[in-house]
Amino acid sequence: MKLAARETSTFRLCDLSVDELAEWCRGVGQPAYRARQGFHWGFQKRVMDPERMDDLPKPFRQLLGERCEILSSHVVRHLVSQDGTEKLLLELRDGRTVECVLMRGGRRRTACISTQVGCGMGCVFCASGLKGLERNLSRGEILEQLLHLQRLLPHEEKLTNIVVMGMGEPLANLGEVIAALERVLDEQGLGIGARRITLSTVGLPEKMRQLADLGHPFTLAVSLHAPNDRLRDRLVRANTGIGIRAILEAADYYFERTGRRVSYEYVLLGGLNDHPTHARQLAALLEDRCAHVNLIPMNPVPSLPFRAPKAARVRRFVESLERKGIAVTVRKRKGADIDAACGQLRLRVDASESCREDGARSERSGTG
Ligand code: SAH
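Residues numbered from 1 in each chain as written. Predicted model: local features only at pLDDT ≥ 70, side-chain atom pairs only at ≥ 80, totals over all residues. Heavy atoms only, no water.

1. Focus: the pattern of salt bridges
Two side chains carrying opposite charge are able to pair once their charged atoms lie near each other. Selection rule: Just to be clear on terms, a salt bridge is a Lys or Arg side-chain nitrogen sitting within 4 Å of an Asp or Glu carboxyl oxygen. Secondary structure elements are taken from DSSP: a helix is a run of H or I of four residues or more, a strand is a run of E of two residues or more, and numbering for both begins at the N terminus. When a residue's accessible area, from a 1.4 Å probe over protein chains only, is under 20% of the maximum for its type it is buried; when over 50% it is exposed; and in between it is partly exposed.
Within the structure shown, the criterion is met by 16 salt bridges. Notably, a salt bridge pairs Lys87 with Glu99, separated by 2.7 Å at the nearest N-O pair. Here the residue Lys87 occupies a position in strand β4 (residues 86-91), and Glu99 occupies one in strand β5 (residues 97-105), the gap between them amounting to 12 residues. Side by side, Lys87 and Glu99 carry an identical accessibility label, which is buried. Taken together, the shared-partner salt bridges connect Asp94, Arg96, Glu134, Arg135 and Glu141 into one network.

Structure, rendered in structure tokens:
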């Protein structure tokens, strides 16, 4: 955005860096430090109304109110699970919707955020990709999810962790994702350290290397889901033309550059990728690597034929990996009663709304 345009036109707070906002402040005759004050109000004090930012001069508050949109998305659904997980469906300016989730566990307050509307990676078991990719989210739209989720917490609690595991493929929108996360790392932003931020990728080798070269010690999770290319081509369409070998090499590069152990996610689909042979093949791929395997029993999606394996089968898979000395965990389901698997709420709302003849929005849940 050019300065002249910024002085007179409206802008969205979450799209700007501190330096860009400082430039705008100078352009309207205010000292640059007003930018830090403004961000402090929005990110730390969770105040979204400039009128209430009471250490800013009144005319400046008024100008901010006229020119600056602090949140461009709004909550259209708010679901609360029995286990304390909360899910928001946000409507963006163009009417499209994305999901984000707040999970509670011990002292952790973890936000799960989306990076795209829909997804183009073609994982056959995933609700987010059923309708393909609609568009990338902007840095502001990514960041705003955190501001909405943070407001669900009492003031004495803060977001402690972020998992970029919502809708979309973060590495297919890397520039905007990193711009948003750099604001999260900033003390004037949310002040959450890179080690407490996990990016989950389908495995795009070039982008994984680019991410490694940025030098932030983010945790990287690679969604492997199959131990050989024949099976992975069937389960993860984006695998065709990439292949597991190139992905593992890029993950090794990530480890070398950042020193961060890579996690491998593996959705267990009963009868498809959960056989003891698959466990042995997976162990062979990972045993010489500094790796951690996160098994995710399939979260059922109503329109899809896949199911989680029986508990005994999951145990056997775990034991097989452990025998080879591989660190392995089984992900606990959170928010099962509120469609917490990414993309499910959006699908359900889209389906129910396209059935309504009057076009009115269906009932809201919770405080949304
Ligand atoms: N595009 C990124 C982020 C996707 S969501 C990626 O592929 O990693 C995060 C994780 O949830 C991925 O491992 C994804 O494969 C998994 N997932 C998607 N649908 C699921 C379902 N129905 N049950 C269990 N895990 C699922």
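2. Some thoughts on the sheet that holds strand β14 (residues 327-330)
The condition that has to hold: Any two strands with at least two DSSP-identified bridges between them are counted as paired. Axes, fitted as lines to C-alpha atoms, cover a helix only where it is in contact. Angles between the N-to-C directions of the axes lie from 0 to 180 degrees. Residue contacts follow a heavy-atom distance rule, with two residues in contact if any of their heavy atoms lie within 4.5 Å.
Pairing in this open sheet of 10 strands is mixed, and the strands run β3-β4-β5-β6-β9-β10-β11-β12-β13-β14 from one edge to the other. Strands at the two margins of the open sheet, each flanked by one partner only, are β3 (74-80) and β14. Ignoring which end each strand starts from, the neighbouring axes of this sheet average 20° apart. Most of the contacts of helix α6 (residues 174-185) go to strand β10 (residues 197-201), to which it runs at about 165°, and overall it touches β9 (161-164) and β10. In the packing of helix α11 (residues 311-323) onto the sheet, contacts are made with β12 (262-268), β13 (291-297) and β14, and the angle to β14 comes to roughly 165°.

3. As for the environment of Asp49
With respect to the helices and strands, the residue Asp49 is situated in the loop between α3 (33-44) and α4 (58-67). Expressed as a C-alpha distance, the spacing of Asp49 and Leu71, which sit 22 residues apart in the sequence, is 9.8 Å.

4. Let's talk about the nonpolar core
Operational definition: What is meant by a nonpolar core is a set of buried Ala, Val, Leu, Ile, Met, Phe, Trp, Tyr and Cys residues, joined one to another through side-chain atoms within 4.5 Å.
Within the largest apolar cluster, 105 residues are counted, with the highest numbers of intra-cluster contacts made by Leu21, Leu146, Val184, Leu211, Phe218 and Tyr264. Those residues within four positions of Tyr264 in sequence are excluded, and the remaining contacts are Val222, Leu224, Leu248, Ala251, Leu286, Arg289, Ala291, His292, Val293 and Asn294.

5. A word on α6
We apply this condition: The span one expects for a helix is its residue count, reduced by one, times 1.5 Å.
If you check α6, its first and last C-alpha atoms are 16 Å apart, about what 12 residues at 1.5 Å a residue would give, namely 16 Å. For α6, the full list of buried residues reads Leu174, Val177, Ile178, Ala179, Ala180, Leu181, Arg183 and Val184. For α6, the secondary structure elements touched by its buried residues are α3, α5 (139-150), β9, β10 and α7 (205-214).

6. Some remarks on empty space enclosed by the protein
Here is the rule: Buried and open spaces are told apart on a 1 Å grid over the protein atoms alone, a cavity being a set of points where a 1.4 Å probe fits but cannot get out and a pocket being an open set with protein on both sides within 12 Å along at least five of seven lines. Residues with an atom within 4 Å of a point are the lining residues. Grid points are joined across faces, edges and corners, and a volume is the space filled by probe spheres set on the points.
Across all of its chains, the model carries one cavity of 30 Å³ or more by this definition. Computed from the structure, the largest cavity encloses a volume of approximately 70 Å³. Every residue lining the largest cavity is listed: Leu13, Leu21, Cys25, Arg34, Ala35, Gly38, Phe39, Met53, Phe60, Leu64, Cys68 and Ile70. For the lining of the largest cavity, the secondary-structure elements that each account for two or more residues are α2 (18-27), α3 and α4. The element contributing the most residues to the lining of the largest cavity is α3, with four residues.

7. Focus on the pairing of β13
Within a regular beta strand, the side chains point alternately toward one face of the sheet and then the other, so they alternate between its two faces. This is how the line gets drawn: Convention used here: a crossover is right-handed provided that the path from the first strand, over the helix, to the second strand proceeds clockwise when the strands point away from the viewer.
The element β13 is extensively covered by neighbouring structure, given that six of its seven residues are classed as buried. Across seven bridges, the pairing between β12 and β13 is parallel. Residue Val262 lies in a different strand from β13, and its bridge partner there is Ala291. This β-α-β element, β12 to helix α10 (residues 276-286) to β13, shows right-handed connectivity. Pairing geometry for β13 and β14, over four bridges, is parallel. Across the sheet, the residue bridging to Leu295 is Val330, located in β14. Between β13 and its parallel partner β14, the chain crosses via α11, and the hand of that crossover is right-handed.

8. Concerning the state of the cysteines
Formally: In plain terms, two cysteine sulfur atoms within 2.5 Å form what is called a disulfide here.
Applying the stated criterion to the full structure yields zero disulfides. Looking at the unpaired Cys119, the closest cysteine sulfur is the one in Cys126, lying at 6.4 Å. In this structure Cys119 comes out as buried when scored by relative accessible area, which is 11%.

9. Here we look at the packing of aromatic side chains
Our working rule: Classification of ring pairs uses Phe, Tyr and Trp, with its six-membered ring standing for Trp, and accepts pairs whose centres are within 6.5 Å; under 30 degrees between planes counts as stacked, over 60 as edge-to-face, and the remaining range as tilted.
Using the criterion set out here, one finds four aromatic pairs in the structure. Ring centres 6.1 Å apart and planes at 40° place the aromatic pair Trp24 and Phe60 in the tilted group. Linking Trp24 in helix α2 with Phe60 in helix α4, this pair joins segments that are 36 residues apart in sequence. On the numbers, 5.2 Å between centres and 40° between planes, the contact of Tyr266 with Phe317 is tilted. In this pair, Tyr266 sits in strand β12 while Phe317 sits in helix α11, placing the two residues 51 residues apart along the sequence. The pair formed by Tyr266 and Phe317 is uniform in burial state, with each residue classed as buried.

10. Overview of α2
Turn by turn, an α-helix covers 3.6 residues, leaving residues three or four places apart pointing in a common direction. The condition that has to hold: Within this analysis, the arc is defined by the directions that extend from the helix axis to the C-beta atoms.
Taken residue by residue, α2 has Val18, Leu21, Ala22, Trp24 and Cys25 as its buried positions. Along the axis of α2, the buried residues cluster in a sector spanning 160°; they form a single face. In this structure, α2 carries Asp19 and Arg26 as exposed residues pointing more than 90 degrees from its buried face. The positive-phi residue at the C-terminal boundary of α2 is Gly29, with phi of around 80°.

11. Details of the confidence of the model for the chain
To keep things clear, this is the line we draw: pLDDT expresses, on a scale from 0 to 100, how confident the predictor is about each individual residue.
Confidence along the chain averages 90 in pLDDT terms, with 90% of residues attaining 70 or more. Segment residues 1-6: pLDDT under 50, and 11 contacts once partners within four positions in sequence are set aside and those in other chains are kept. Here residues 354-368 scores under 50 on pLDDT; set against residues more than four positions off or in separate chains, the count is 20 contacts.

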